[in-house]
Amino acid sequence: MTDSTTPPPPDEPKADETFTWTQPSPGSHGPADAAGTAPTSILESVREAVDDLAERAAPSVREFSARAAELAAIAADRAAPLVKRAGEVTADATGKLATRSRSWAADLRSSTGSTATAEKPIEPDPESTPDGGPTGPI
């Protein structure tokens, strides 16, 4: 039985483990030319596949987009009454808050006996619409 860790006998040749690149002569079609055209041909094949896929997918994408637009329109139709009602409730609550705030301010003034305040309460802006928005140019 021989030990596998022992070196080979000196009369056997050793393998050449060196590696060097060789430059092909100009005009030759060696491995360097093949290596340069392979990535280009692969990229061209991928480009053609993507173009084909985009062409085939275009009708599906248009249909999907149309359905998404229809769903958005349905959602907007259903939300409009709710939003309108929320605006009305907010307007009512704002009016009630304004009334209470004026009353509270008047109560504070009367309880402190302060005469340095304005004699006339602040009135709403006459240029605003009933919903509170401005009517003139901004």
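Fair warning: this is a prediction, and the values are worked out from it, not measured in the lab.

(A) Quick look at the overall build of the protein chain. Scanning the protein chain from terminus to terminus reveals 1 helix and 0 strands. Counting every position in the protein chain, which comprises 138 residues, the buried fraction comes to 1%. For the protein chain, the exposed area adds up to about 12900 Å²; of that, 62% sits on carbon and sulfur atoms.

(B) Summary view of the pattern of salt bridges. Evaluation of the coordinates by the stated rule reveals 4 salt bridges. Here glutamate 44 makes a salt bridge to arginine 47, at a shortest N to O gap of 2.9 Å. Note that glutamate 44 and arginine 47 are positioned in helix H1 (residues 31-112) at a spacing of 3 residues, about one turn of the helix. Here glutamate 44 falls in the partly exposed class, since its relative accessible area comes to 34%. Among the residues examined, arginine 47 registers a relative accessible area of 46% and is labelled partly exposed.

About the cut-offs
- Residues numbered from 1 in each chain as written.
- Predicted model: local features only at pLDDT ≥ 70, side-chain atom pairs only at ≥ 80, totals over all residues.
- Heavy atoms only, no water.
- Helix = DSSP H or I, 4+ residues; strand = E, 2+ residues; numbered from the N terminus.
- Buried < 20%, exposed > 50% of the residue type's maximum accessible area, 1.4 Å probe, protein only.
- Areas by Shrake-Rupley, 256 points an atom, 1.4 Å probe, with all protein chains shown as cover.
- Salt bridge = Lys/Arg side-chain N within 4 Å of Asp/Glu carboxyl O.

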